[in-house]
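Notes for the structure review
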Amino acid sequence: MIGLGARFDWYEMTFDGHDDGRESLRLAVRLGASVTPGKGRNGYASCVNIERGDDTLARVYGRSARHGEVHIVTTSEACDEVVPLLREFWPEHRVSRADSAVDFVADFDTLDASALEFARARGISHRLITNSEGGATRYLGAMSSEVAVRVYKKSEQLRAMHPERAADVPDGVVRFELVARPGKREAKIAAASSTADDLWGFSQWSQLFAVQFLGIDAPRVSTHFRRPSDWSRALHFLGQQYGPMIARRVESVGVDEARRQVLEVLGLS
């Protein structure tokens, strides 16, 4: 593979260890973060969120039907900090999903036309999904397959996902992203030591795509958006939905009385 300068944007891994909380605490201490209870999923009865400030850095799942198995997921910019620690702490792990991303400031329509031509010339399945907010994503390959690529308007996606931070999102960012879901155990183990660049070589067509597209003459950019905590998002939408009404109540009865009424209805007075 050529040096692409890609970075991980999703990293989901499993290892055999202890699921009594020591793993999450070890990771949290190294990250200077705290742990809060989360919700289990996909056969894991327990979940611990590792949070620092308003950011969720990782989620650690345990109590699987397969005794001792631990599953960890980290996404977005948190991958830059968390993935090296996962590989340091648990080098013998298995990757079930890893995304490799490169961001550019570029014209989406021009890149999309070229991506479509690339797919048609090689008989690769493709589809374009758009929405009313101006978002657009070109999918190459089936997202359920071991390797798929998407090209999409990252600025619009970030603003839709994180309206509380929309003003901080730069304009015109287009993301190239490979989604790798290794199937065989050997491939899962190989991915555990692969770089984000290496992932583009997991299929012949994705390697050709990287060579053709990721050498384009456009400025690469970094989008610093870690997943916010559930509490941070809840506060944002609470303020968005009820803020004006509460402000009017404060004008009518004063801050202290409005606070008392809100706490009382929440059962916290």
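This text gives an overview of the structure that appears in the document. The model shown is predicted, which means the values in this text are computed figures rather than measured ones.

Before going further, it helps to examine helix 1 (residues 22–31). Residues spaced three or four apart along an α-helix point in a common direction, a consequence of the helix completing one turn every 3.6 residues. For helix 1, the full list of buried residues reads Glu23, Ser24, Leu27, Ala28 and Leu31. Viewed along the axis of helix 1, the buried residues span an arc of 125 degrees, placing them on a single side of the element. Buried residues belonging to helix 1 abut strand 1 (7–16), strand 2 (34–37), strand 3 (44–52), strand 4 (55–64), strand 5 (69–75) and helix 2 (78–89).

With that out of the way, let us pick up the pattern of salt bridges. Considering all chains together, one arrives at 19 salt bridges under this definition. Residue Arg175 is joined to Asp103 by a salt bridge in which the shortest nitrogen-to-oxygen separation is 2.6 Å. Pair noted here: Arg175 is in strand 10 (residues 173–180) and Asp103 is in strand 6 (residues 94–105), with a separation of 72 residues, a long-range link. For the residue pair Arg175 and Asp103, the accessibility class agrees, reading buried in each case. Residues joined in a network through salt bridges with shared partners are Arg7, Asp9, Glu77, Asp80, Arg97, Asp99, Asp103, Arg150, Arg175 and Glu177.

Before going further, it helps to examine the packing of helix 1 against helix 2. Direction vectors running N to C along helix 1 and helix 2 enclose 130 degrees, while the axes themselves pass 11 Å from each other. Our classification of the angle between helix 1 and helix 2 gives oblique. Judged by the sense of rotation from one axis to the other, the crossing of helix 1 with helix 2 is right-handed. Contact residues: Arg26, Leu27, Arg30 and Leu31 in helix 1; Glu81, Val82, Leu85, Leu86, Glu88 and Phe89 in helix 2. Within the contact of helix 1 with helix 2, the residues separate by chemical class into six nonpolar, no polar and four charged.

This brings us to the nonpolar core. In terms of nonpolar packing, the biggest core is built from 51 residues, with Tyr11, Ile72, Phe176, Trp200 and Phe209 touching the most fellow members. Residue contributions to this core peak at seven residues, all from helix 2.

What follows concerns the pairing of strand 5. Counting buried positions along strand 5 gives seven out of seven residues, so the element sits mostly inside the fold. Along strand 5, one buried face is formed by Glu69, His71, Val73 and Thr75 and the opposite face, lined by Val70, Ile72 and Thr74, is buried too. Here strand 4 pairs with strand 5 via three bridges, running antiparallel. Within the sheet, the bridge partner assigned to Val60 lies in strand 5 and is Ile72. Remark: four residues form the turn of the hairpin made by strand 4 and strand 5, two consecutive strands paired antiparallel; Gly68 in that turn has positive phi of roughly 85 degrees.

Reading the values: the criteria
- Residues numbered from 1 in each chain as written.
- Predicted model: local features only at pLDDT ≥ 70, side-chain atom pairs only at ≥ 80, totals over all residues.
- Heavy atoms only, no water.
- Buried < 20%, exposed > 50% of the residue type's maximum accessible area, 1.4 Å probe, protein only.
- Helix = DSSP H or I, 4+ residues; strand = E, 2+ residues; numbered from the N terminus.
- Arc of directions from axis to C-beta.
- Contact = heavy atoms within 4.5 Å.
- Salt bridge = Lys/Arg side-chain N within 4 Å of Asp/Glu carboxyl O.
- Axes fitted to C-alpha atoms, helices over the stretch in contact; angles between N-to-C directions.
- Parallel < 35°, antiparallel > 145°, perpendicular 65-115°, else oblique.
- Left-handed = near helix turned anticlockwise from the far one by under 90°.
- Nonpolar A, V, L, I, M, F, W, Y, C, P; charged D, E, K, R; others polar.
- Core = buried A, V, L, I, M, F, W, Y, C linked by side-chain atoms within 4.5 Å.
- Pairing = 2+ DSSP bridges.

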